[in-house]
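# An overview of the molecular structure
If you want the building blocks of each chain, they are given just below.
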Amino acid sequence: MSEDLAAAASRRIDTDPDPTACADLLAAAFAREPAVSWICGGAHSARARWFRATLRTHAGLAGARRTALVDTEGRLLAAAVLTPPGATPPAGARALWAARTLLSSGPHALGRTLRYLDATEGGAPAGAWTLEFVGVRPDLTGRGAGRTLLDHVLTTTPGAVHLTTADPANVPLYRHFGFTTLGETSLGPLTVTSMARVPSQKTHEDLGVLAPPCERRGQTLRCGDGGMDRGDGRSG
């Protein structure tokens, strides 16, 4: 058995991974992702606190999904976070998220998170799930972990999937998975690309580019991906 086949055989999907473990993996995976760097700065500790506050609130959403690729000992190799259509944290949960983010990450991170949410609100097709984050443990980038996880996520998500990414290098990688570009938004130094994928591969117009704004997704951040498998040209 080759090394790649042996690695694949030792991996499995976990559909209920620990939110804190996911947050810590994503904090490492998003070390150089433009949007998270703009929000949190360059320190790993700041990213970890921000991801923990965000995923803690996200876990309380009805129907929210966290999916991970893990090894035989249950250690996370890659993680993805999805929000169901129309899911919005109640006012109390939003206020608690804001307080946690303010205390743990500071007013700079809170303000920029809110600016990102405002700038990207309403870009998803009606009824689409939102892929909030997908990231790979940095030492596994380029080894297929991201592709395995994203293949599973897209296969098991019922209906269209929407995401945003502020890393232009990730746009062609998502196109590889059937995503179509819906538009771009400028935010400070960022160019944020909105993309969507539907199982039937509908046209650009069918994806709802001109649809009315969808429901606000509360304090979840559609930052797309971290730790992409750029070595083999696939998403992760």
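Details of the structure are given in the entry above.
Attention here is on the structure that accompanies the text.

The rules behind the values
Residues numbered from 1 in each chain as written. Predicted model: local features only at pLDDT ≥ 70, side-chain atom pairs only at ≥ 80, totals over all residues. Heavy atoms only, no water. Phe/Tyr/Trp six-rings, centres within 6.5 Å; stacked < 30°, edge-to-face > 60°. Helix = DSSP H or I, 4+ residues; strand = E, 2+ residues; numbered from the N terminus. Buried < 20%, exposed > 50% of the residue type's maximum accessible area, 1.4 Å probe, protein only. Axes fitted to C-alpha atoms, helices over the stretch in contact; angles between N-to-C directions. Parallel < 35°, antiparallel > 145°, perpendicular 65-115°, else oblique. Left-handed = near helix turned anticlockwise from the far one by under 90°. Contact = heavy atoms within 4.5 Å. Nonpolar A, V, L, I, M, F, W, Y, C, P; charged D, E, K, R; others polar.

## As for the packing of aromatic side chains
Going through the model one piece at a time under the given rule, you end up with six aromatic pairs. With centroids separated by 5.1 Å and ring planes inclined at 65°, the aromatic side chains of Phe51 and Phe133 adopt a geometry described as edge-to-face. With a gap of 82 residues between them, Phe51 in helix α4 (residues 44-58) and Phe133 in strand β4 (residues 129-136) connect regions that are remote in the sequence. Phe133 shares its class with Phe51; the two are buried. Aromatic ring contacts, followed pair by pair, group Phe30, Trp50, Phe51 and Phe133 into a single cluster.

## Here we look at the packing of helix α2 (residues 19-29) against α4
In the contact formed by α2 and α4, the axes pass within 8 Å of each other and the chain directions differ by 140°. Between α2 and α4, the angle is such that the two are oblique. In terms of crossing hand, the pair formed by α2 and α4 is right-handed. Here α2 contributes Pro19, Thr20, Cys22, Ala23, Asp24, Leu26, Ala27 and Ala28 to the contact with α4, which in turn contributes His44, Arg47, Ala48, Phe51, Arg52 and Leu55. Split by residue class, the contact of α2 with α4 holds nine nonpolar, two polar and three charged.

Keep in mind these values describe shape, not function.
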